[in-house]
Amino acid sequence: MKHIFYLLDGFTPMSLKRELSTIYDEKHKRENFLEKLSKRSLFFKNCYGYGETYSTVYSMINGKNIYDNYCDAPDIIFSFKKHYSLIDHYKNRSFKTIYFRNAKAHYPTNGFYNRFNKSFAKSFDHYCLKKKNINYDLKNYLLSNNNFRDYNNKFNVFYFIHDMTFHDDKMVYNGNIRQHFKAFDKASKKVNSNLKLLNYNKSKDTLFFLSDHGLSTKPYNKIHTEKFLSENKYENYYKSMFLDEKIKFVFFINSPKIKKKVINQYVNPSNIFSIIIEYNNKQFKYFYKKIKKILNETIIISLKNAKASKYGNYILNNIFHFHFIKISPNMKYIYSHKHKYNCLIDKDNTFKRISFNKVDKQLISKIKNY
């Protein structure tokens with residue numbers, strides 16, 4: 001038996017046909033592997049993270065509060081503390097554990113990256129943090145260790161695949177909507193190929209499929225990739241940070257144990273840990289009731305300041321989050337620290353300025369206690 005935690009970095013659920021938004025409004029020419037897979041799975045419709053990889057994935061893997069663990073301030077030496085995690089959970093259930101991340105060979109692994117990896121990745125029985133060369137892939141990694149050939153026959157195995165295929169595609173990183181769709185089809189083929197390499201068997205194995213955040217398209221991506229933007233451009237672009245295309249992540253479970261179903265309640269990254277633990281609980285018949293108790297009807301998330309922001313500096317941008325958002329079915333309340341317009345509401349991607357005293361009280365309390 002295999003449990004596969006497959007994370008496709010940078011992929012927004014808004015490009016799925018079932019979730020097409022006002023931005024991602026073009027039609028797919030055909031339905032790809034991931035589209036079909038999501039439709040026959042337990043699909044969590046409203047998943048919101050922190051707009052970037054490290055704090056989001058950290059919270060997914062151990063269920064911990066990112067603020068208590070300084071994940072909003074990665075450069076602080078106390079960031080990304082190690083806790084009991086999904087890896088420990090699976091090891092306690094006598095699973096072999098394997099981690100593979102196909103980050104580029106030059107990807108950094110020092111500083112906070114090292115603390116992040118120490119917090120969970122280096123606890124796996126076997127792990128690969130980045131590619132050895134430009135052509136290195138999952139197939140190369142599996143062939144590099146003869147033990148992997150026997151694992152599927154002799155042991156239960158927990159695989160964590162952190163796939164950078166979509167995130168690192170030039171069509172995504174600096175592309176328009178049409179290019180994003182092309183990259184989606186390309187990544188879908190890669191996911192299918194990788195699952196075959198792992199001998200994924202949908203009749204007996206479990207697949208937890210996720211992403212961590214979306215990626216902004218042209219020209220809005222410039223607030224994340226460029227240090228200097230004119231004040232006018234920044235004011236026009238920064239609201240793209242709050243769109244579902246950027247802050248939503250994908251989460252669905254494909255397994256012979258579960259029914260095809262859509263969950264509409266809100267999911268934050270720490271809920272992922274709890275949901276997987278409940279999925280593995282011996283009392284599985286209560287799974288759906290348990291996850292409904294875990295999840296809420298609204299959610300509050302926070303985001304770091306954009307690289308091109310005129311309202312912060314290097315130190316402030318790296319020690320706390322600038323933006324807090326309360327999300328409900330009909331509206332988003334948004335607070336942006338130091339910005340020209342501190343408070344906004346968003347209805348259907350239309351933004352309106354409001355005064356601080358009209359901001360949702362729960363969000364005000366969160367901001368004051370931050």
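My aim in this report is to walk through the structure given alongside it, one point at a time. (Residues numbered from 1 in each chain as written. Predicted model: local features only at pLDDT ≥ 70, side-chain atom pairs only at ≥ 80, totals over all residues. Heavy atoms only, no water.)

### Some details on the overall build of the chain
Okay, so step 1: Across its full length, the chain holds 15 helices and 13 strands.
Okay, so step 2: For the chain, whose C-alpha radius of gyration is 20 Å, the value lies close to the compact-globule estimate of 21 Å for 370 residues.
Okay, so step 3: Judged by the C-alpha coordinates and their principal axes, the chain covers about 60 × 45 × 45 Å.
Okay, so step 4: The proportion of buried residues among the 370 residues of the chain is 56%.
Okay, so step 5: In the chain, once contacts between residues fewer than 6 apart in sequence are set aside, the share between residues at least 24 apart is 73%. (Helix = DSSP H or I, 4+ residues; strand = E, 2+ residues; numbered from the N terminus. Rg over C-alpha atoms; globule rule 2.2 N^0.38 Å. Buried < 20%, exposed > 50% of the residue type's maximum accessible area, 1.4 Å probe, protein only. Contact = heavy atoms within 4.5 Å.)

### Re the state of the cysteines
Okay, so step 1: Under the definition given, this model contains zero disulfides.
Okay, so step 2: The cysteine Cys 47 is free of any disulfide, with Cys 71 supplying the nearest cysteine sulfur at 19 Å.
Okay, so step 3: Cys 47 sits in the buried class, given a relative accessible area of 0%.
Okay, so step 4: Residue Cys 71 is classed as buried on the basis of its relative accessible area, which comes to 3%. (Disulfide = S-S within 2.5 Å.)

### Considering the pattern of salt bridges
Okay, so step 1: For the coordinates displayed, the defined rule picks out nine salt bridges.
Okay, so step 2: Lys 39 is paired through a salt bridge with Glu 31; the nearest N and O atoms lie 2.5 Å apart.
Okay, so step 3: The residue Lys 332 makes a salt bridge to Asp 346 at a minimum N-O spacing of 3.9 Å. Placement of Lys 332 in strand β11 (residues 332-336) and of Asp 346 in strand β12 (residues 343-347) is noted, with a sequence separation of 14 residues between them.
Okay, so step 4: The exposure class of Lys 332 is buried, given its relative accessible area of 6%.
Okay, so step 5: Asp 346 gets classed as buried once you look at its relative accessible area, which sits at 3%.
Okay, so step 6: One salt-bridge network, in which partners are shared between bridges, spans Asp 244, Lys 332 and Asp 346. (Salt bridge = Lys/Arg side-chain N within 4 Å of Asp/Glu carboxyl O.)

### Some thoughts on unusual backbone geometry
Okay, so step 1: Cis rather than trans, the peptide bond between Lys 218 and Pro 219 has omega equal to -5°.
Okay, so step 2: Looking at the secondary structure, you find Pro 219 in the loop between β6 (206-210) and α9 (222-225).
Okay, so step 3: For Phe 80, which is not glycine, the phi dihedral falls at a positive 60°.
Okay, so step 4: Relative to the assigned elements, Phe 80 resides in the loop between α2 (53-62) and α3 (86-92).

### Comments concerning the environment of Leu 195
Okay, so step 1: Within the secondary structure, Leu 195 is located in helix α8 (residues 177-197).
Okay, so step 2: With 47 residues separating them in the primary sequence, Leu 195 and Phe 242 have C-alpha atoms 33 Å apart.
Okay, so step 3: For Leu 195, the residues in contact, after removing those within four places along its chain, are Ile 4, Tyr 6, Phe 33, Tyr 200 and Leu 207.

### Brief notes about the packing of aromatic side chains
Okay, so step 1: One pass over the full model with this rule turns up 44 aromatic pairs.
Okay, so step 2: Arranged with centres 6.2 Å apart and planes meeting at 80°, the rings of Phe 124 and Phe 160 form a pair that is edge-to-face. Here Phe 160 lies in strand β5 (residues 156-163) and Phe 124 lies in the loop between α4 (112-119) and β4 (126-128), a separation of 36 residues in the sequence. Residue Phe 124 shares its accessibility class with Phe 160, and that shared class is buried. (Phe/Tyr/Trp six-rings, centres within 6.5 Å; stacked < 30°, edge-to-face > 60°.)

### Side note on the packing of α2 against helix α12 (residues 269-279)
Okay, so step 1: At their nearest, the axes of α2 and α12 sit 6 Å apart, and the two run at 25° to each other. The orientation of α2 relative to α12 falls into the category roughly parallel. In this structure, the crossing between α2 and α12 has a hand that is right-handed. Residues Thr 56, Ser 59, Met 60, Ile 61 and Asn 62 of α2 form the contact with α12, whose participating residues are Pro 269, Ser 270, Ile 272 and Phe 273.
Okay, so step 2: The residue inventory of the contact of α2 with α12, partitioned by class, reads five nonpolar, four polar and no charged. (Axes fitted to C-alpha atoms, helices over the stretch in contact; angles between N-to-C directions. Parallel < 35°, antiparallel > 145°, perpendicular 65-115°, else oblique. Left-handed = near helix turned anticlockwise from the far one by under 90°. Nonpolar A, V, L, I, M, F, W, Y, C, P; charged D, E, K, R; others polar.)

### Some points on the sheet that holds β5
By definition, the strands of a sheet pair up through backbone hydrogen bonds, in either a parallel or an antiparallel sense.
Okay, so step 1: Within the open sheet, the eight strands sit side by side as β4-β3-β5-β1-β6-β7-β2-β8. Their pairing is mixed. Since the sheet does not close on itself, it has two edges, and those belong to β4 and β8 (261-267), each with one partner. Direction aside, neighbouring strands of the sheet carry axes that sit 15° apart on average. (Pairing = 2+ DSSP bridges.)

### A short note on the pairing of strand β13 (residues 350-353)
Regular strands place their side chains on alternate faces of the sheet.
Okay, so step 1: Taken together, the four bridges between β12 and β13 define a ladder with antiparallel strand orientation. Across the sheet, the residue bridging to Lys 347 is Thr 350, located in β13.
Okay, so step 2: The hairpin formed by β12 and β13 contains two residues between the paired strands, and Asp 348 there has a positive phi angle of roughly 55°.

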